[in-house]
Amino acid sequence: MTLEGLRCFCAILDSGSFRAAAVQVHRSQPAVSQQLKSLEAELGHPLIERSTCRPTPVGQLLYARARKILLEVETLSREVLDFAEGGSGELHVGTSDTTALYVLPPHVRRFAERLPGTRLVIVNRSSDAIVDQVRQGDLDIGIVSLPVDQPDIEEHPLFEQRLVLVVPKEHRFAGRNRVELKSLSEEPLLMLERTTRTGALLRDFLQLEDFTPRTLLDSGSFEVIKRYIDAGVGLSFLPESVVTPSDEGLSCVAVRGLPTVMIGAIWRRAAYRSKASKVFLELVSEGSSIK
């Protein structure tokens, strides 16, 4: 039984196909298939049902143990590398486009000054995708919407995003301190997609308030929505932090009861935390409002 065989076996189950597994482990598809065949021949049992890529009962048992073995090997490798290179190497951080654009730049600059030998790799995905990549060990740290509530994931709150109504500067609501939700019943609204955590939170809030938005369009991008607001297409509920001084044509207005979004850092509970990951989290925590 080899580590390569276990990696290929776990990759098939994690990704759901031989082709995707080959991409994940940087091998050809025939090589991944051969690794699985060799593993099955050695153990004397089929491990994966070929038609569904689901584990057999023996495969399920092996998968649970193999993931722990691979995590231990990866942890040992990172710990030795961290000790030998004194903080050089790579740090993989996953986050949303919004956090990467509006929150991380000053922290990334300070991180580069503190650990100039460490290459920072930032991956932009949705919160749910980031959680999956952290669990699989593809990312060292994720910065996502909380809570995650998974037993193998450690959570550390960083800051809250306040949601506001964003309107064009010439709109009748611009300049007001607050508006009531019911006053928006006839306004065209640009809604965040439910597939985003913020979008889901907003829609759940509106449903509880028995408010049916007059939705003109749905989008998963804050930047797209801001551009359409500036063009006078409609209004939207967005995190206040995404409206910057460069958005001269936009105005933020408070709406009573709008929820806030908690943003936090996550990492695998059992994983080795490198010097680079600790420094990065320390810098981001120092710049947040929640310690």
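Conventions we followed
Residues numbered from 1 in each chain as written. Predicted model: local features only at pLDDT ≥ 70, side-chain atom pairs only at ≥ 80, totals over all residues. Heavy atoms only, no water. Axes fitted to C-alpha atoms, helices over the stretch in contact; angles between N-to-C directions. Helix = DSSP H or I, 4+ residues; strand = E, 2+ residues; numbered from the N terminus. Parallel < 35°, antiparallel > 145°, perpendicular 65-115°, else oblique. Left-handed = near helix turned anticlockwise from the far one by under 90°. Contact = heavy atoms within 4.5 Å. Core = buried A, V, L, I, M, F, W, Y, C linked by side-chain atoms within 4.5 Å. Buried < 20%, exposed > 50% of the residue type's maximum accessible area, 1.4 Å probe, protein only. Disulfide = S-S within 2.5 Å. 1 Å grid on protein atoms, 1.4 Å probe; cavity = no way out; pocket = protein on both sides within 12 Å on 5 of 7 lines; lining within 4 Å. Points joined across faces, edges and corners; volume = space filled by probe spheres on them. Nonpolar A, V, L, I, M, F, W, Y, C, P; charged D, E, K, R; others polar. Phe/Tyr/Trp six-rings, centres within 6.5 Å; stacked < 30°, edge-to-face > 60°. Lys NZ or Arg CZ within 6 Å of the ring centre and 35° of its normal. Pairing = 2+ DSSP bridges. Expected span 1.5 Å × (residues − 1).

Colleague: I would appreciate a short explanation of the packing of helix 1 (residues 3–15) against helix 2 (residues 18–25) in the present structure.
Modeller: Helices that pack against each other are described as a pair by the angle of their axes relative to one another and the distance between those axes. In the contact formed by helix 1 and helix 2, the axes pass within 8 Å of each other and the chain directions differ by 125 degrees. The pairing of helix 1 with helix 2 is recorded here as oblique in orientation. Handedness of the crossing formed by helix 1 with helix 2: right-handed. Mapping the contact onto sequence places Arg7, Cys8, Ala11, Ile12, Asp14 and Ser15 in helix 1 and Phe18, Ala20, Ala21, Gln24 and Val25 in helix 2.

Colleague: I would appreciate a short explanation of the nonpolar core in the present structure.
Modeller: Where a protein is soluble and globular, its nonpolar side chains tend to be buried together. Ranked by size, the top nonpolar core spans 49 residues in total, and within it Phe111, Ile143, Leu165, Leu181, Phe237, Leu238 and Phe280 carry the most contacts. Among the elements that line this core, the one with the most residues is strand 6 (residues 153–168), at 7 residues. Ile143 has contacts with Val93, Gly94, Thr95, Ser96, Thr99, Leu104, Ile130, Leu158, Ile263, Gly264, Ala265 and Phe280, leaving out every residue within four places of it along the chain.

Colleague: Please explain the state of the cysteines as it appears in this structure.
Modeller: Put plainly, two cysteines are in a disulfide when a covalent bond ties their sulfur atoms together. Going through the model one piece at a time under the given rule, you end up with 0 disulfides. Among the cysteines around Cys8, which has no disulfide bond, Cys10 carries the closest sulfur, lying 9.7 Å off. With relative accessibility at 1%, the residue Cys8 sits in the buried group.

Colleague: In this structure, what is going on with the layout of surface pockets? I would like to understand it.
Modeller: If a probe the size of a water molecule is rolled over the atoms, the empty space left behind becomes visible. Roughly 1,400 Å³ of internal volume is contained in the largest pocket. Lining the largest pocket are 50 residues, and of these Glu74, Gln136, Gly137, Asp138 and Arg268 sit closest to its centre. Of all the elements in the fold, those that place two or more residues in the lining of the largest pocket are helix 1, helix 2, helix 4 (57–85), strand 3 (89–95), strand 4 (118–124), helix 7 (127–136), strand 12 (260–268) and helix 10 (275–286). The element that contributes the greatest number of residues to the lining of the largest pocket is helix 4, accounting for 13 residues. Grouping the amino acids of the lining of the largest pocket by side-chain chemistry returns 19 nonpolar, 14 polar and 17 charged. For the second largest pocket, the calculated volume is near 460 Å³. Around the second largest pocket sit 28 residues that line it, and Ser96, Asp97, Thr98, Gly220 and Phe222 are the ones nearest its centre. Those elements that place two or more of their residues in the lining of the second largest pocket are helix 5 (97–102), helix 7, strand 5 (141–145), helix 8 (197–208), helix 9 (222–230) and strand 12. Class assignment of the residues belonging to the lining of the second largest pocket gives a composition of 9 nonpolar, 14 polar and 5 charged.

Colleague: Sorry, what's going on with the packing of aromatic side chains here?
Modeller: Between two aromatic rings, the relevant description is the distance of the centres plus the angle of the planes. Enumeration over the complete set of coordinates arrives at 1 aromatic pair. On the basis of an interplanar angle of 80 degrees and a centroid distance of 5.7 Å, the ring pair of Phe111 and Phe280 is categorised as edge-to-face. On the criterion of sequence distance, the pair formed by Phe111 in helix 6 (residues 105–114) and Phe280 in helix 10 is long-range, its members being 169 residues apart. Lying across the ring of Trp267, Arg273 places its NZ or CZ 4.3 Å from the centre.

Colleague: Could you clarify how one ought to interpret the pairing of strand 12 in this entry?
Modeller: Side-chain positions along a regular strand alternate between the two faces of the sheet. Of all 9 residues in strand 12, 7 are buried; the element is thus mostly enclosed. Strand direction decides the pairing type here: strand 5 and strand 12, joined by 4 bridges, are antiparallel. Looking at the pairing, Ile143 lines up with Ala265 of strand 12. With 9 bridges connecting them, strand 6 and strand 12 associate as antiparallel partners. Paired with Gln161 across the strands is Val261, a residue of strand 12.

Colleague: What's the story with helix 10 in this structure? I'm lost.
Modeller: Residues spaced three or four apart along an α-helix point in a common direction, a consequence of the helix completing one turn every 3.6 residues. With 12 residues, helix 10 extends 16 Å from end C-alpha to end C-alpha; this agrees with the ideal 16 Å at 1.5 Å per step. Considered for burial, the residues of helix 10 that qualify are Ala276, Ser277, Val279, Phe280, Leu281, Leu283, Val284 and Ser285. Those residues of helix 10 that are buried lie in contact with strand 3, helix 6, strand 4, strand 5, strand 6 and strand 12.

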